[in-house]
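As a plain string of letters, each chain reads:
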Amino acid sequence: KKILEVLLRKTPKKALDLDYLADKTEWFSGADLEALVIEACLEAMRQNKEFVDMDCFEKALKEVKPSLSKELVEKYKEFNKKKVYEKEEISDFFV
């Protein structure tokens, strides 16, 4: 939610439910959230609106997908715990 607040701080907006958007974007990275905000702004422009609203975000959510998944996050956590430094171990880990 905080990342969305920062990304939207200078954006004209109307009736946004940031808690709902935060729930819908659980596996979104910061870059994914930025892409979502940009797509919502583009949607507002396509609709000739002077602000971004939930309708713009609903349409943007159909276009922008998260780059992370639960499985990938778990792999990163496991990798971090192992602290693997040798190239062979790293390549074996991701196979």
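Please refer to the structure placed before this passage.
Quick caveat, the model's predicted, so the values are computed rather than measured.

1. Description of the packing of helix H3 (residues 30-46) against helix H4 (residues 54-63)
Where H3 meets H4, the closest approach of the two axes is 8 Å, and the angle between their N-to-C directions is 125°. Between H3 and H4, the crossing angle belongs to the class labelled oblique. Two packed elements cross with a definite hand, and for H3 against H4 that hand is right-handed. Listed contacts from H4 to Leu-36, Val-37, Glu-39, Ala-40, Glu-43 and Ala-44 of H3 are Cys-56, Phe-57, Lys-59, Ala-60, Leu-61 and Glu-63. Here the residues of the contact of H3 with H4 are counted per class, giving eight nonpolar, no polar and four charged.

2. Regarding the nonpolar core
By size, the foremost hydrophobic cluster in this structure holds 17 residues, and its most contacted members are Leu-4, Leu-21, Leu-36, Ala-40, Val-52 and Phe-57. Here Leu-36 is in contact with Thr-25, Phe-57, Ala-60, Leu-61 and Val-64, once residues within four sequence places are set aside.

3. A short note on the pattern of salt bridges
Tallied over the entire structure, the rule returns eight salt bridges. Put simply, Lys-49 and Asp-55 hold a salt bridge, and the shortest N to O gap is 3.7 Å. Across the salt bridge formed by Asp-55 and Lys-59, the nearest N and O atoms sit 3.6 Å from each other. With Asp-55 and Lys-59 both in helix H4, this residue pair falls four residues apart, about one helical turn. Residue Lys-59 is classed as partly exposed on the basis of its relative accessible area, which comes to 35%. One network of salt bridges, with partners in common, ties together Lys-49, Asp-53, Asp-55 and Lys-59.

4. Examining a nonpolar patch on the surface
On the surface, Ile-38, Leu-42 and Met-45 cluster together into a nonpolar patch covering about 290 Å² of accessible area. Within the secondary structure, Leu-42 sits in helix H3.

Conventions adopted
- Residues numbered from 1 in each chain as written.
- Predicted model: local features only at pLDDT ≥ 70, side-chain atom pairs only at ≥ 80, totals over all residues.
- Heavy atoms only, no water.
- Axes fitted to C-alpha atoms, helices over the stretch in contact; angles between N-to-C directions.
- Helix = DSSP H or I, 4+ residues; strand = E, 2+ residues; numbered from the N terminus.
- Parallel < 35°, antiparallel > 145°, perpendicular 65-115°, else oblique.
- Left-handed = near helix turned anticlockwise from the far one by under 90°.
- Contact = heavy atoms within 4.5 Å.
- Nonpolar A, V, L, I, M, F, W, Y, C, P; charged D, E, K, R; others polar.
- Core = buried A, V, L, I, M, F, W, Y, C linked by side-chain atoms within 4.5 Å.
- Buried < 20%, exposed > 50% of the residue type's maximum accessible area, 1.4 Å probe, protein only.
- Salt bridge = Lys/Arg side-chain N within 4 Å of Asp/Glu carboxyl O.
- Patch = residues over 30% accessible without salt bridge, like charges linked within 9 Å, V, L, I, M, F, W, Y side chains within 5 Å.
- Areas by Shrake-Rupley, 256 points an atom, 1.4 Å probe, with all protein chains shown as cover.

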